[in-house]
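Each chain is listed here by its residues.
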Amino acid sequence: MALIQLYTQFNKVWIPDAEHVWKSAEIVRDFHFGDHILQLLLENGTELKYPVDSSPPELPPLRNPDILVGENDLTALSYLHEPAVLHNLKVRFLESRIIYTYCGIILVAFNPYKQLPIYGDAIIQAYSGQNMGDMDPHIFAVAEEAYKQMARDHKNQSIIISGESGAGKTVSARYAMRYFAVVSKSGSKTQIEDKVLASNPITEAIGNAKTIRNDNSSRFGKFTEISFDNRYRIIGANMRTYLLEKSRVVFQAESERNYHIFYQMCACGHLPQFKELRLMSADQFHYTSLGGDIIIDGVNDRKSMEETQQTFSLLGLKEDFQSDVFKVLAAILHLGNVEIKSSGDDRSSISHSDPHLHIFCELLGVRADDLVRWLCNRKLPLVNENVVKPLHKDRAVNSRDALAKWIYAHLFDCVINRINKALQVPGKQHAFIGVLDIYGFETFDINSFEQFCINYANEKLQQQFNLHVFKLEQEEYMKEDIPWTLIDFYDNQPVIDLIEARMGILGLLDEECSFPQGTDQSWLQKLSNYLNSNPLFERPKLSNETFVIQHFADKVEYQCKGFLEKNRDALYEELVDVLRVSQFAFLAKCFQEQGKEGLNMKGIRVKPARPSVRPANKQLRTSVGDKFCSSLSLLMETLNATTPHYVRCIKPNDEKLPFEYDSGRVVQQLRACGVLETIRISAQSYPSRWTYFEFYSRYSILMTSEEEGINDKTQMCKYVLQRLIEDPNQYKFGRTKIFLRAGQVAYLEKLRLDRLRGACITIQKYVRGWIQRRNFLRLRQATILIQHYIRGKRTVRKAVSAANLKQGWSAVVIQRYWRGFRIKKVYQTKMTELQSDVDGLIIRKQNMEKMFEASSKEQKEKFDQIKMNLLEEKETQARLRKIAENNLGIQRQDHEKELGRLKEEIRRLKDERVSLQMKMEDGDQMAADLQDQVAQLTKHVKVIPELRRDLSNLQNQKNNVDRRMKQQSEEARAKLHEISRLLAGSVVEEDILLGLTADYSEKTYEAEDLLAAFNGLAKATRTLENHRKEQKESYETQIEGLRLKMDYLQNENSSLQTLFIEKNNINDNIRQEVCRLSSENSVIPQLKVQISELHRQKNELEVLVEEQKKELEEKSDAIKNTLQRRIEEESSKCRHFEEQVEGLEETKKDLQGKIKDLQVENDHQSRQLQMERDAKIRLRLEASQLSSKNLDFEDLLDQKERTIKQLENHMISLETAQKAQKTSSPSPKHYLGMLEYKKEDESRLIQNLIVDLKPKGVAVNMIPVLPAYILFMCIRHADYMNDEDKVQSFMNVTISAVKKVSMAHQNDLASLVFWLSNMYQLLNCLKQYSGEEEFRKQSTPRQVNNCLQNFDLSDHQQVVSDLAICIYHQFIAAMERALTPAIVPGMLEHESLQGICSMKPRGFIKRSSNNNSDTETYTISFIIQRLSHFHTNMMQHGTEPHLIKQVVKQLLFHIGATTLNNLLLRKDMCSCRKGMQIRCNISYLEEWLQEKDLQSCHLIDTLKPLTEAAWLLQVRKSTDDDAKAITEKCTELNTVQIVKILNSYTPTDGFEKRVASSFVRKVQSLRQDHDGSAQLMMDAHYRFPVTFPFSPSSQALELLQVPSSLHLEFLTMI
């Protein structure tokens, strides 16, 4: 749709206004192409005919719909232009009291001139981790985005904060650095975060001053690099400063002050540490009294001085350094009071008695004579000599002021350097975030060199900003595959060239400064000559001392006076020499550091924008302009290497009034800081961008029925937009978004509003018709009813007479008597029947009593008979057990003897192995001798031919010997193999009954102990089987050892064979040597003798080998026979043992059946009915386990179960008999509910019961709090034994172990709730059995008897309670961590009500943040599922109900506080529809509480603040009655929160109205008497006090059993 078509009736436009810049007007008549007048109606009711040019028509800018006004992001506006921006900011600032607004990537920050509650730690935590567009605009959001991008992209970031003086730049930078310090707490001992923040008060004291526009104006630029390590924690910082305003030291305008530090020192001049400085009041010093105003309202200079000193100390700058700094500052003040007098003839003089002169010289350690001389004179170097020239008074005063400025500048740099050193800590910098606090574009009535440099810096920053914005726009288009067209944006490169080019303003200024006779006028003339043709440079015709530069923001007229002097920054070298020879060490060191810094600065290679001018005279230093260019170039290089984030600070008015808005001043700053340029760039393309889902959600109401049938929502959106907007150039379809040109969203909103208005009219029509019809039907029904009664009245009147009344009364009397007669007859009949029934019941009762007595007597006889049978069987089993024990003892002795014999045989075999080894060593010695002999043979050179025959004979003999050795080796190997096979196939057992009889020999098996005897016998049987297996394994081990011995002997034989092989090799060597010798035909007689000796040794070796072979065969046969005999004996014993075990198994089974019967009957005699059922369950479990072993025994168990059932049926009748029997016979033995353990098993108990325990298995298979009962039963036994050390040790290790487990599983909900329940139960047990009266009342008599007897564990109760509280808080924290990510999306963002959508257009920030988010979608259902999961966990692990209520209450409070905090910080969520969504979600939580039977505990009251906020969003907010209703209803919300919600209330369509500021003030006035917190945010991490009320346990400790799965077999039940 063309823009001109939107100028229709009822639409609004903006027209220029002299006072308010722009004012609104409504179009009275549609505008058509060719019209020359646009008829408007102003807001005051005046009609206006606005002239319009015909071709092309220049129409006034259209006003955005009210629904779009007040947006968080200016780029979300449909019409993007200056009046729209100005109005949106005004509405947010004045009506909503919101000081932050996004403009694309810029954060626009207004100075409210008032403290706001939006900078606390709770706010920081709320913004931490959030996307930039999800929350309301804030400086914390920009800081979080920079921090997040640094961590995500691993790239350095920068935050560029600019604005006019007094706009709040310093405060914004301070808050940004505070945010980084809070979110990146390192926890290190260096406290580097605190040091970074502490640097701000110092730099503000020495670099800030009061100006006309600002009470705390920064008079220098500052770039702070905050360094982070690889874990993104602050490890240091570094500051770079730019263009300190040194002239303020010696001159201040009216109503301005010098730097704060001077006034702070003067305010503390009376203190002892400042006495030596001889300070006076600030109005008595020349340099601090020039402005006339030495006091700032609301500022205490003395307290500020204390803060400055504290921050010095925090940075590690000790008192000596502080004292030196204060000395220099005091010296500057005294220097300003040095009086310079005129002496005539252009001379000046200073009195040597001037007190301030002497104080200055004393403080700085310089000579007064030298100082006086060079303040009043100057040295001029000539060709052959130096001439001293006196100075005029004015020149001398300038020299004095230059010295003061020079000293202060060097001191400022020195302090900054020391701060940087203090902020440097060991560690490698991984990344940094730079915070640039720099002056914005400035234009005053008189603009000088400082304003020129400031505006030059802003030109460079604006250029960098334009390129960055252009780059982001291009990336957005490329990402969405939208054709990219070049956008025309303002390029200020020509202005930068005008300033910094070779023959630019700064170049000509440096050139003029190089001439000694150069003046401001001559420099201005050069500018005219060289730059007159530049369109950006102008010379006013009416002034000879000014020039004009067309900056990007505005034209600025500069006064050339003082440019050369300020650029030179000249100080006579003689005065510098006076200070260099100072006796004041700090001053001399400061000069040395500055010199080194200057050298270092020269080493920095910064590519200049223009060639530097080399000074002609070595006396001249680099100019201020050149230094500023270099530092600015370095700054731009740093910024270009980072990702920038922009904050533009705006002054709403010049009077510093809170929440006052001056449109003229604001628009001037918006033009200067680049905000409008951003808007202009966005408006040239497609500023409105919607995702397809957002477009569908918002404009689905405009779809036709055919379009709604399309399943693809993307295609559906395209069809709708193509139908609604005919011009395809007004929109583009991207991959994920729809791009719309300016004004199209407003047009779509108009169509949507028209559709809604039509639907509302239709609804109203039918509703009104229904109301009228209902009223008509009610009126008709009332009429009919009245007619009915009137007609009845008339009929009654006609029918009533005296005769009729008498007849009626007679009939009533007759009816009364007749009814009485009938009732009396019925009563008599019923009484007769009841009496007969009573007689029958009495007779039946007597018969039943007789039958009951007979049955009782019969059952008693049966019971006595069963008991006698069981006693007889018990005695029989005892005799059998003794016989089995005796047999086992005899067998054990036999096995011990046999084991001794085997051990003796093993020792003998070891001795034989040693003798064989000795013989093998002798064989090795013989082989060595043979080798020696071979070596002797090599010395001979001749041999006789007869040696060949002898060698042949030797070879034959060797072959025979080898053959025999081979045969013998094969025979030995075969025998060894046979022995090994026999050993492998045998089973040798030890005494399987060792140690078993002793365990049971001392026990007595009476009727009440048969169950324990059964368990013991079963354990003994298992032990017997295990011992038999161990005995078999030990015998197998011994056999394996013998097999290894055989292998060793075989290896010995192999070594002998190897020896013969080596001998054969020796013979081969001899043969080779003989062959070599025989070739020489020489004979050596001595060789025969040696050969004969070899023959002899060979024969001896053969004999020795033969003897060893025979001995080995004999020993092998003996070992084989012995082992075979023993194997046979052990096999027979094993078979005998197996037969005995089988017999014992049968005996055990018989005993089990009988013991089981006795146990059942015993239990029924000694315990109540509930305990009998438990015994029945245990018997059934044992029966099911034994059924797999013996099917016959299963029948016996079934028979006994039938007996048990019979006994259960007659248990009531036997109770009297049981009591009588208990009094006459000894009572059966019961467990005392204690567990005994040995001291050395304490660590095992803790390890198995606490450390290694799996909560899930306990919750499923056992009592959930069983560990608590086991621990307490162990404590009871230690108390019963009166072992104090054991009690103390056990309690200490238990507490330590539980602490360790809970700390190791901080995120394991099951583990935490398990130990929370157990510690709570342990605490209850300690109280219940403590013996205290208040706990005894709720215990059973048996529990009272089991109370602790010897120790008071009240101290341990407190320790256990503290541990339970700690676990409780860990459990709450773990649940909050799991629940927090879903709270805001589920409670606030998710649209749980179908058909109610609160989605609105979004800006650039929201779009970019959503593109990067890849988070899970959470709903209210997810939250309820998570709560149900928590509740199920607590129920499974036996958590007490009142403890569950406390947990749920805490979770609901966290949900409500987190949701409300987020709501307070999100203006886009403050709408009526969102209030309905919140209330719906709260109702879901109420339903969940009802489902879990928690609705009666008033837990939902913790959500009352959120409920009130939802109600506040839905209620009408216009009249005084509404204000009173809000005051009465909102009792949980404080005034700050109510005002915040009202100010943030945002309509979602045209039918809603904004909350008027007068209504907000009315609510504030009504709530003045309400006491409450003034905090905006709720503390979402607040913890309600947890209580552990005493809850007695009905569990009988003596009935508990320790499951075997806990591996606590070493515990003994007492």
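Read on for an overview of the structure. Given the structure is predicted, the values throughout are model-derived calculations rather than measurements.

Here we look at the pairing of strand β3 (residues 37–42)
- The alternating pattern of β3 places Leu38, Leu40 and Leu42 on a buried face and Ile37, Gln39 and Leu41 on a face that is not buried.
- Two elements, strand β2 (residues 21–27) and β3, share three bridges in a ladder whose sense is antiparallel. The partner of Ile27 across the bridge, within β3, is Leu40.
- Looking at chain direction, β3 and strand β4 (residues 47–51) are connected through five bridges and run antiparallel. Bridge assignment links Leu38 to a residue of β4, and that residue is Tyr50.

Things to note about the pattern of salt bridges
- Under the defined criterion, the tally for this structure stands at 41 salt bridges.
- Asp293 is paired through a salt bridge with Lys210; the nearest N and O atoms lie 2.7 Å apart. Separated by 83 residues along the polypeptide, Asp293 in the loop between α6 (260–267) and α7 (301–314) and Lys210 in the loop between β8 (208–209) and β9 (217–218) bring together distant segments of the chain.
- The exposure class of Asp293 is partly exposed, given its relative accessible area of 26%.
- Salt bridges linked by common partners bring Glu164, Lys651, Asp654 and Arg665 together as one network.

Comments concerning the packing of helix α47 (residues 1520–1529) against helix α49 (residues 1557–1566)
- Orientation of α47 relative to α49, taken along the N-to-C sense of each, is 45°, at an axis distance of 9 Å. With respect to α49, the axis of α47 lies oblique. The interaxial crossing formed by α47 with α49 has right-handed handedness. For the pair α47 and α49, the contacting residues are Asp1520, Asp1522, Ala1523, Lys1524, Ile1526 and Thr1527 in the first and Phe1559, Lys1562, Val1563 and Leu1566 in the second.
- In the contact of α47 with α49, the residues fall into five nonpolar, one polar and four charged.

Points about the packing of helix α46 (residues 1504–1514) against helix α48 (residues 1535–1544)
- Put simply, α46 and α48 touch, their axes get as near as 10 Å, and they point 35° apart. You can see that α46 and α48 cross each other, and the crossing is right-handed. Residues Ala1509, Leu1512 and Leu1513 of α46 lie in contact with α48, whose contacting residues are Ile1538, Ile1541 and Leu1542.
- Of the residues belonging to the contact of α46 with α48, the class tally is six nonpolar, no polar and no charged.

A word on the environment of Tyr408
- Residue position: Tyr408 is located in helix α11 (residues 393–422).
- Accessibility expressed as a relative area gives 2% for Tyr408, which makes it buried.
- For Tyr408, the residues in contact, after removing those within four places along its chain, are Ile206, Leu244, Val249, Tyr259, Ile261, Phe262, Leu329 and Ile332.

Let's talk about helix α8 (residues 319–336)
- Taking 1.5 Å per residue, 18 residues should reach 26 Å; α8 reaches 26 Å between its end C-alpha atoms and fits that length.
- Within α8, 15 of the 18 residues are buried, leaving the element largely enclosed by the surrounding structure.

Points about the environment of Tyr661
- Here Tyr661 lies in the loop between β20 (643–650) and α20 (663–673).
- For Tyr661, a relative accessible area of 13% corresponds to the buried category.
- Along the backbone, Tyr661 and Pro112 are 549 residues apart, and their C-alpha atoms lie at a distance of 9.8 Å.
- If sequence neighbours within four positions are ignored, Tyr661 has contacts with Leu86, Leu89, Lys90, Phe93, Leu94, Phe110, Pro652 and Val666.
- A polar side-chain atom of Tyr661 sits 3.1 Å from the main-chain carbonyl oxygen of Leu86.

Details of the sheet that holds strand β6 (residues 106–110)
- On the basis of which strands lie adjacent, the open sheet formed by seven strands has the order β5-β6-β20-β7-β16-β10-β11 and mixed pairing. Each edge of the sheet is formed by a strand with only one pairing partner; in this case those strands are β5 (100–103) and β11 (234–242). Taking the axes of each pair of neighbouring strands and ignoring which way they run, one obtains an average angle of 20° across the sheet.
- Sheet topology note: the β5/β6 ladder contains four bridges and is antiparallel. Along β6, the bridge assignment pairs Tyr100 with Ala109.

Describing the packing of aromatic side chains
- With the rule as written, the count across this model stands at 43 aromatic pairs.
- With 5.4 Å between their ring centres and 40° between their planes, Tyr1320 and Phe1588 make a pair best called tilted. Of this pair, Tyr1320 sits in helix α38 (residues 1309–1328) while Phe1588 sits in the loop between α49 and β25 (1612–1613); the two residues are 268 residues apart in sequence, bridging distant segments of the chain. For the pair Tyr1320 and Phe1588, a shared accessibility class is recorded, and that class is buried.
- Within the aromatic cluster, the residues linked to one another by ring pairs are Tyr119, Phe140, Tyr147, Tyr175, Tyr179, Phe180 and Phe228.

What counts, and where the lines are drawn
- Residues numbered from 1 in each chain as written.
- Predicted model: local features only at pLDDT ≥ 70, side-chain atom pairs only at ≥ 80, totals over all residues.
- Heavy atoms only, no water.
- Buried < 20%, exposed > 50% of the residue type's maximum accessible area, 1.4 Å probe, protein only.
- Helix = DSSP H or I, 4+ residues; strand = E, 2+ residues; numbered from the N terminus.
- Pairing = 2+ DSSP bridges.
- Salt bridge = Lys/Arg side-chain N within 4 Å of Asp/Glu carboxyl O.
- Axes fitted to C-alpha atoms, helices over the stretch in contact; angles between N-to-C directions.
- Parallel < 35°, antiparallel > 145°, perpendicular 65-115°, else oblique.
- Left-handed = near helix turned anticlockwise from the far one by under 90°.
- Contact = heavy atoms within 4.5 Å.
- Nonpolar A, V, L, I, M, F, W, Y, C, P; charged D, E, K, R; others polar.
- Expected span 1.5 Å × (residues − 1).
- Polar contact = N/O pair within 3.5 Å; in protein donor to acceptor, adjacent residues only side chain to side chain.
- Phe/Tyr/Trp six-rings, centres within 6.5 Å; stacked < 30°, edge-to-face > 60°.

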